Amino acid sequence: MEKPKNPASLTFGPTTSTLPSSLSSVADDRDEGFTGIALADSTTSRVSFTLDSSLDSVNKVELTAEQTAQRAGFDEDTATHVAMAVREAAVNAVLHGNAYDPNKHITASFETTSDALIIRVADQGPGLDPDSIPDPLAPENILRGSGRGIFLIKAFMDEVHFRQLHPGTELTLIKHRRPAQPGN
Amino acid sequence: MSMKVQTRQVDGVTILDLSGRITLGEGSITIRDAVRDVLAKGSNKILLNLAEVNYIDSSGIGELVSAFTTVKNAGGELKLLNLTKKVHDLLQITKLYTVFDVKDDEASAISSFTK
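Residues numbered from 1 in each chain as written. Chains lettered and ligands numbered in written order. Predicted model: local features only at pLDDT ≥ 70, side-chain atom pairs only at ≥ 80, totals over all residues. Heavy atoms only, no water.

Some remarks on the overall build of chain A
Within chain A, the secondary structure is distributed over three helices and seven strands. Within chain A, the fraction of its 184 residues that count as buried is 46%. For chain A, long-range pairs separated by at least 24 residues make up 61% of all intrachain contacts whose partners lie at least 6 apart in sequence. Taken as a whole, chain A presents about 9,100 Å² of accessible surface, with 51% of it coming from carbon and sulfur. (Helix = DSSP H or I, 4+ residues; strand = E, 2+ residues; numbered from the N terminus. Buried < 20%, exposed > 50% of the residue type's maximum accessible area, 1.4 Å probe, protein only. Contact = heavy atoms within 4.5 Å. Areas by Shrake-Rupley, 256 points an atom, 1.4 Å probe, with all protein chains shown as cover.)

Structure representation (structure tokens):
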């Protein structure tokens, strides 16, 4: 069973966020596919990639999402679900957004905070109206061969936000860390 | 991504033993071609053994649905066998678990096809 290869060959883009004052060190574990910023509490980091519009990029983004979720301490099932959601977002970006256009790129950023894992995937396509997507669970749609990607993203993540770019669409996917319940 | 299909016949039913990931690209195309080949050879009783498939994305789900409707429209039956937990959960989330005839025992699956 072949898993996506380690994304060590990713084209690294700049980190996307303003660095907080608590920045204490810069980590570079490029061998494991990450170049990012590690902060003092070691639970906060950011990394972003710029990738071409290909299925290979989809696989790299998926694997990076799974590794990031695991590093952030999410359990195996949750990390798998996050990776599946991010894969769907990347597929949308490459296939429906950029339509495999070699002149267009996707960007993916991964931010781990003490509260959540925040992943953004953006394309340079014509834009997406999330309200126009039919409900795949409706009886008239249940046997359709497509149209389940956004549904799965929403099913696996705690928050999903759409932002129109000029051009393109950015999806922000958020998975919260669950605070320990009293008595657990 | 690699995905493999092996075909065998048992009591008039064509079993496709799938392994790997059914995802956008090669995985989806492989399953589509395999089902078309079976139909082209005159068999329309198809059992997809997913025991070695532990990952399906939305495109893969779409291919399973398309295979189901294609075989049904050809007057045949397509059933699923040996779902892994991940695939089972995915079909439940998408409300497809009740659409497909899902089996977990090959012998009883074979005997459940219309004679």
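Some words on the interface of chain B and chain A
Taken together, the contacts link 26 residues of chain B with 26 residues of chain A. Put simply, chain B and chain A have two salt bridges between them. Asp57(B) serves as the salt-bridge partner of Arg87(A), at 2.9 Å between the closest nitrogen and oxygen. The interface formed by chain B and chain A includes five residue pairs in polar contact (both at pLDDT 80 or more). When residues of the side of chain B that touches chain A are traced back to their parent elements, those giving at least two are strand E2 (13-22), strand E3 (45-56), helix H2 (58-73) and helix H3 (85-93) of chain B. Residues of the side of chain B that touches chain A, tallied by class, amount to eleven nonpolar, ten polar and five charged. (Salt bridge = Lys/Arg side-chain N within 4 Å of Asp/Glu carboxyl O. Polar contact = N/O pair within 3.5 Å; in protein donor to acceptor, adjacent residues only side chain to side chain. Nonpolar A, V, L, I, M, F, W, Y, C, P; charged D, E, K, R; others polar.)

A look at the packing of aromatic side chains
Residues and elements named next belong to chain A. All chains considered together, the criterion is met by two aromatic pairs over all chains. Seen in terms of ring centroids, Phe49 and Phe110 are 5.9 Å apart; in terms of plane orientation they differ by 55 degrees. Their pairing is tilted. Here Phe49, found in strand E3 (residues 45-52), pairs with Phe110, found in strand E4 (residues 105-112); they are 61 residues apart in sequence, far enough to count as distant. Here Phe110 falls in the buried class, since its relative accessible area comes to 2%. (Phe/Tyr/Trp six-rings, centres within 6.5 Å; stacked < 30°, edge-to-face > 60°.)

Side note on the confidence of the model for chain B
Do not read the predicted coordinates in detail wherever pLDDT is low. All names here are of chain B. On average, residues of chain B score 94 in pLDDT, and 99% of them are at 70 or above. In the model of chain B, helix H1 (residues 26-40) stands out as the element of lowest mean pLDDT, 91, in contrast to strand E4 (residues 77-81), which has the highest, 98. Interface predicted TM-score (ipTM) for the complex: 0.91; the corresponding pTM is 0.83. (pLDDT = per-residue confidence, 0-100.)

Observations regarding the UniProt feature "domain: STAS" (unreviewed entry) in chain B
When the UniProt feature table is mapped onto this chain, "domain: STAS" (unreviewed entry) is found at residues 3-113 of chain B. Taken end to end, residues 3-113 of chain B is 42% helix and 34% strand, and its first and last C-alpha atoms sit 26 Å apart. (UniProt positions renumbered as here; feature names shortened; annotations may be inferred.)

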